[in-house]
Amino acid sequence: MEIKHSHIVLDACCVLNFRASGHLIEIIQSVPAQVVVTEVVRERELLTLQRLADESNEDTNQFEAAMEKGLLAVTGFNSESEEETFVNYVFELGDDGESATCAIAVHRAWAIATDDKKAISFFQREAPNLQILSTLEVVKHWSEAENVSSATLRSVLTAIRTRGRYIPQRHHSLLGWWEGIMR
Amino acid sequence: MAANILDNIDLRKLGELLQQARKKSGMTQADAAKVIDAARTTIVAIEKGDRRLKPNELIKLARAYGRAVSDFVRSSPVTEPFEVQFRAAYQRNEQEEARITPIIERFEELCRNYLELEKIMDAPIPRNYPQEYDVTNMPIEAAAESIAIAERQRLGLGDGPIPMLRDILEQSVGIRVFYLNMPAKYAEIYSYDEQLGGCMAINLGHYEERRRWSMAHGYLHFLAHRRKPVVDFEGQYKRIPESERLAEAFPKYFLMPTSGLLSRFNDMYRTHGKFTPTNLFTLAHYYGVSIEALVYRLEDMELLPSGTWDRLRDRGLKVRKVQQELGLDEIEHRADTLPIHYQHLAIEALEQGLITEGRFANFLGVDRLEARRIAEVLREHSSGMLEESAYLDLRQA
């Protein structure tokens, strides 16, 4: 997986999936770019992330730990034009989290990681030159870069499936890969 | 992407929404002014729609009010605020108002969401509305029974029980029915708006028999006093108005029509040579009504001596216990907060990429994890359907 940009912004779908995997830190660490999440997503998904942590009886919050280690940067809007774009995108998408993710990525020419069908088509239209990655692409990259055993990879994808309740869309380019591991 | 959306948005509407949100958050105009480093008069002007907001100001205010920016700039349908509709709809005091206002607001939000989903999917709820029934100068009981008979005929319900009344009202009539948690003394809220049509919120905390009664009660308001919003709760009136007496009389005729009930009662009586408490419980279960409602109805029809219910009650009748002993299951129902059509519109919009997952979660009023769980269940309901084939017109060759 090549990332053509210095940073990659995770949207709420991906944050949840990586968090559900139980290997958030390792996965983020393997990404060849600075991983970022917007302040809006962090704020809005905090309770859901906490629920995930509670359900798995984890003492430490991987999300907070990744931030403390500097692996995951949280960013807000830097300029009035970013804020203006954000509000315009909210009007289109009706979703603060996706709008903040897209607005910041567009203004700073950063890549984006999302599985959201609506956000993907919107982002492709707004910034056709910017790279869009998915949960599965990032996890696949991690498994290859770190030589993760097939048993571990299966347990990670199973955790994303069961705890994160994520299933790839019918036309996902890595659906066959996912099905092969999960079989 | 167009230039700043805040230059083109309806400022008056935005101002109203901001004012409502500020009040709900318990902030004063002076508090809000501090948030954006402005004078209180600036907030006054913003809320009146006289001053444009900068994106930064909107973001700060939304955060201070604990709201999403999308609550203010989304292109949602404009309907008459329920608060205005309900202002004179029920006798209330401050305490009552504090209890019911958040429920009315949630009801309104859900109705608007429904309309928004219909617009997104271009799939308006089919309306099969009759003309409003004119009941002027009619005796109440006769009017209630005549409307019940006419409606049963119109909807092809015959004279038997009405299973799944909620589905009939939603799918055969086109009324939006939500089940919401309310304090026990509240039964139902009814509202009508040209765009939304008939809308009902029923107390989720009640037994299904009671909810069905409340739905029928609300339905009469729709049939006979369509544009008059209603909040129905115990002890509301010192003197019950005629419209309310009609709504109270209607459910018994609608849920237990005279001809059908008489024939079933006679069948039971002939078979056993008497009408036993077991017959009573079986019959109530068959019609999906409470024992009390059925006994009163049979008393009215002179099939049981008057005072039967009082005697049963005085003997310490324990309805739920007897129902369990007789093996009578809970009557069939769907107790979801949201109408089934609403849920299907939301999942279809998500599947087609017309809304984001976050928006889908908002429509369902849950967090993303729960939204994904519900999405799975809804997808299972249309199991076996490929994404593409789900939208085929099966009537096309």
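Residues numbered from 1 in each chain as written. Chains lettered and ligands numbered in written order. Predicted model: local features only at pLDDT ≥ 70, side-chain atom pairs only at ≥ 80, totals over all residues.

Turning to helix 4 (residues 55–64) of chain B, its buried residues number three or more, namely Pro55, Glu57, Leu58, Ile59, Leu61 and Ala62 of chain B. Against the buried residues of helix 4 of chain B lie helix 5 (80–93) of chain A together with helix 1 (11–25), helix 2 (29–35) and helix 5 (70–73) of chain B. Once helix 4 of chain B ends, the next one or two residues include Gly66 of chain B, with phi positive near 70 degrees. (Buried ≥ 20, exposed ≤ 12 C-beta atoms within 10 Å, placed from the backbone. Helix = DSSP H or I, 4+ residues; strand = E, 2+ residues; numbered from the N terminus. Contact = placed C-beta atoms within 7 Å.)

Quick look at the pairing of strand 3 (residues 197–203) of chain B now. All names here are of chain B. Most of strand 3 sits inside the fold, with seven of its seven residues counted as buried. Of the strand pairs in this sheet, strand 1 (residues 176–180) and strand 3 are connected by five bridges, and their pairing is parallel. Each bridged residue has a counterpart across the sheet, and for Val177 the counterpart in strand 3 is Met200. Bridge count between strand 2 (residues 186–193) and strand 3: six bridges; the pairing is antiparallel. By the bridge assignment, Ser191 is partnered in strand 3 with Cys199. What sits between strand 2 and strand 3 in their antiparallel hairpin is a turn of three residues. (Pairing = 2+ DSSP bridges.)

Residue and element names in this part refer to chain B. In space, the four strands of this open sheet follow the order 1-3-2-4, with mixed pairing throughout. Only two strands of the sheet have a single partner each, and these edge strands are strand 1 and strand 4 (230–233). Direction aside, the axes of adjacent strands within the sheet are offset by 15 degrees on average. Lying over the sheet, helix 7 (residues 94–121) contacts strand 1, strand 2, strand 3 and strand 4, oriented at roughly 140 degrees with respect to strand 1. (Axes fitted to C-alpha atoms, helices over the stretch in contact; angles between N-to-C directions.)

Taken together, the 30 residues of chain A in the interface contact 29 residues of chain B. Contributions of two or more residues to the side of chain A that touches chain B are made by helix 1 (12–21), helix 3 (39–55), helix 5, helix 6 (96–108) and helix 7 (117–126) of chain A. The dominant element in the side of chain A that touches chain B, judged by the number of residues it contributes, is helix 5 of chain A, at nine residues. Classifying every residue of the side of chain A that touches chain B by side-chain character gives twelve nonpolar, five polar and 13 charged. (Nonpolar A, V, L, I, M, F, W, Y, C, P; charged D, E, K, R; others polar.)

Bringing the sheet that holds strand 5 (residues 132–133) of chain A into the picture now. Residue and element names in this part refer to chain A. One open sheet holds the five strands; their spatial order is 3-2-1-4-5, and the pairing between them is parallel. Edge strands, defined here as strands with exactly one partner in the open sheet, are strand 3 (72–75) and strand 5. Where strand 1 (residues 7–10) and strand 4 (residues 111–113) come together, three bridges link them in parallel fashion. Paired with Ile8 across the bridge in strand 4 is Ala111. Sheet strands in contact with helix 3 are strand 2 (34–38) and strand 3, and its direction is about 65 degrees off that of strand 2.

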